[in-house]
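Chain residues, written in single-letter form:
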Amino acid sequence: MRVRDLLGAESIELQGKAATKKEVIEQMVQLMAKRGNINDLEKYEKGVFAREEEGTTGIGEGIAIPHCKSDAVSAPGLAAMVLPQGVDYDALDGQPVHIIFLIAAPDTKDNIHLDVLSRLSVLLMDEEFTKALQKAATPEEFLDVIDRAEKAKDEEEQRKQEQKAAAEAAQKNGADNGNAAETGKPAARKKVVAVTGCPTGIAHTYMAAEALEKAGEKMGIDIKVETRGSGGAKNVLTDQEIAEAEGIIVAADTKVPMDRFDGRQTLIVKVADGISKPEELIETVLD
């Protein structure tokens, strides 16, 4: 399943106009209804607003991802809106929102759609991607931007897996030859581990994880992030990884098992901080 499977041209508005956050959410819910996947529109809309009361889904950088997981939803879906003039959405950075993706998730144990939604969340961390969405002239072009970005992301992830496998093989080979010390091997990179999670576990969980991973790569820090979303815990940290880490970041607005971090330097913050200031968090936990 891909993002394109959850988003249709009928649920995309490229010239949105709204004076308030409430107004734009109501419009987004109507766009979602066009997919035919909402069996109780009033209940679904109340669920979206209830999520906003827990904390704004305006993540900053002109993006908002309101969402609701509810039995009012019969099938997972997306709706999207571009607002050229922006709207005051109470975003984390205080700036107007120009791109909104609304998520509808059924309240079931089958969470295959969450992998797709996590992918969308990660894509939205790319400024070039969001610029391309804003420039789209038609819903079809908007969808094409997403298709191309998904394909590029898949290829990038494949390259990373191959590079990781190659590095592990080279390290093992060096150890087997007993010449690791003589090869002038560079000093090991500092290691940090993190956990991200939000109450619904749909978007912010994965956006915070992506932001932390990108910040770690930029800073030359090895970082592994465990995500605790609606689909359960993924990329779970091992005892060895926790022991080897110089610091632990917990960026979550939901309950996280903390006993495993006893006696370790642990920084606990909101999931929004993981999205908006990942480099600062890494620097802090290493300081």
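Residues numbered from 1 in each chain as written. Predicted model: local features only at pLDDT ≥ 70, side-chain atom pairs only at ≥ 80, totals over all residues. Heavy atoms only, no water.

1. Describing the layout of surface pockets
Moving on, step 1. Looking at the second largest pocket, its volume works out to about 480 Å³.
Moving on, step 2. What lines the second largest pocket is a set of 21 residues, and nearest its centre among them are Gly 60, Glu 61, Leu 124, Met 125 and Ile 275.
Moving on, step 3. Residue assignment for the lining of the second largest pocket shows that the elements contributing at least two residues are β2 (58-60), α5 (127-135), α7 (204-219), α9 (271-276) and α10 (278-286). (1 Å grid on protein atoms, 1.4 Å probe; cavity = no way out; pocket = protein on both sides within 12 Å on 5 of 7 lines; lining within 4 Å. Points joined across faces, edges and corners; volume = space filled by probe spheres on them. Helix = DSSP H or I, 4+ residues; strand = E, 2+ residues; numbered from the N terminus.)

2. Quick look at the nonpolar core
Moving on, step 1. Ranked by internal contacts, the top residues of the largest apolar core, which has 33 residues, are Leu 7, Phe 101, Leu 124, Leu 133 and Phe 142.
Moving on, step 2. Mapped onto this core, the elements with two or more residues apiece are α1 (3-6), β5 (77-87), β6 (97-106), α4 (112-123), α5, α6 (139-177), α7 and α9.
Moving on, step 3. Ranked by residue count, the leading element in this core is α6, at five residues.
Moving on, step 4. When neighbours within four sequence positions are excluded, Phe 101 is seen to be in contact with Leu 7, Met 28, Ala 64, Ile 65, Pro 66, Ala 79, Ala 80, Leu 120, Leu 124, Leu 133, Phe 142 and Ile 146. (Core = buried A, V, L, I, M, F, W, Y, C linked by side-chain atoms within 4.5 Å. Buried < 20%, exposed > 50% of the residue type's maximum accessible area, 1.4 Å probe, protein only. Contact = heavy atoms within 4.5 Å.)

3. A word on the packing of aromatic side chains
Moving on, step 1. Tallied over the entire structure, the rule returns one aromatic pair.
Moving on, step 2. Consider the rings of Phe 101 and Phe 142, whose centres lie 5.9 Å apart with planes at 35°: the pair is tilted. On the criterion of sequence distance, the pair formed by Phe 101 in strand β6 and Phe 142 in helix α6 is long-range, its members being 41 residues apart.
Moving on, step 3. In this structure Phe 142 comes out as buried when scored by relative accessible area, which is 0%.
Moving on, step 4. The residue whose ring lies beneath Lys 21 is Tyr 89, and the NZ or CZ to ring-centre distance is 4.8 Å. (Phe/Tyr/Trp six-rings, centres within 6.5 Å; stacked < 30°, edge-to-face > 60°. Lys NZ or Arg CZ within 6 Å of the ring centre and 35° of its normal.)

4. With respect to the sheet that holds strand β11 (residues 266-269)
Moving on, step 1. One open sheet accounts for five strands, arranged β9-β8-β7-β10-β11; its pairing is mixed. Either end of the sheet is taken by a strand with one partner, and the two such strands are β9 (232-234) and β11. Taking each pair of neighbouring strands and ignoring which way they run, the sheet shows an average axis angle of 15°.
Moving on, step 2. Where strand β7 (residues 191-197) lies against strand β10 (residues 247-252), six bridges are found, and the strand directions are parallel. Considered in β10, the bridge of Val 195 is made with Val 250.
Moving on, step 3. Running over the sheet, α7 touches β7, β8 (222-229) and β10 and is turned about 180° from β8. (Pairing = 2+ DSSP bridges. Axes fitted to C-alpha atoms, helices over the stretch in contact; angles between N-to-C directions.)

5. Structural notes on the side chain of Thr 205
Moving on, step 1. Here Thr 205 is to be found in helix α7.
Moving on, step 2. Taking relative accessible area as the criterion, Thr 205 reaches 0% and is therefore assigned buried.
Moving on, step 3. At 3.1 Å, the side chain of Thr 205 forms a polar contact with the backbone nitrogen of Cys 198.
Moving on, step 4. Sequence-distant contacts of Thr 205, that is, excluding residues within four places in its chain, are made with Thr 196, Gly 197, Cys 198, Thr 227, Arg 228, Gly 229 and Val 271. (Polar contact = N/O pair within 3.5 Å; in protein donor to acceptor, adjacent residues only side chain to side chain.)

6. Regarding the pattern of salt bridges
When charged atoms on two side chains of opposite charge get close, those side chains can pair.
Moving on, step 1. On inspection of all chains with the given rule, the structure shows 18 salt bridges.
Moving on, step 2. Its salt-bridge partner being Lys 131, residue Glu 127 comes within 3.5 Å of it at the nearest N-O pair. Of this pair, Glu 127 and Lys 131 both sit in helix α5, four residues apart, which is roughly one turn of that helix.
Moving on, step 3. Accessibility expressed as a relative area gives 52% for Glu 127, which makes it exposed.
Moving on, step 4. Residue Lys 131 is classed as partly exposed on the basis of its relative accessible area of 37%.
Moving on, step 5. A salt bridge links Arg 228 to Glu 226; its shortest N-O distance comes to 2.7 Å.
Moving on, step 6. Given a relative accessible area of 23%, Arg 228 falls into the partly exposed group. (Salt bridge = Lys/Arg side-chain N within 4 Å of Asp/Glu carboxyl O.)

7. So, the packing of α7 against α10
Moving on, step 1. Across the interface, α7 lies against α10 with an axial gap of 8 Å and an inter-helix angle of 65°. When the axes of α7 and α10 are compared, the crossing they make is right-handed. Packed against α7, whose contacting residues are Ala 211, Leu 212, Ala 215, Gly 216, Lys 218 and Met 219, the element α10 presents Pro 278, Glu 279, Leu 281, Ile 282 and Glu 283 at the interface.
Moving on, step 2. Partitioned by chemical class, the residues of the contact of α7 with α10 number seven nonpolar, one polar and three charged. (Left-handed = near helix turned anticlockwise from the far one by under 90°. Nonpolar A, V, L, I, M, F, W, Y, C, P; charged D, E, K, R; others polar.)

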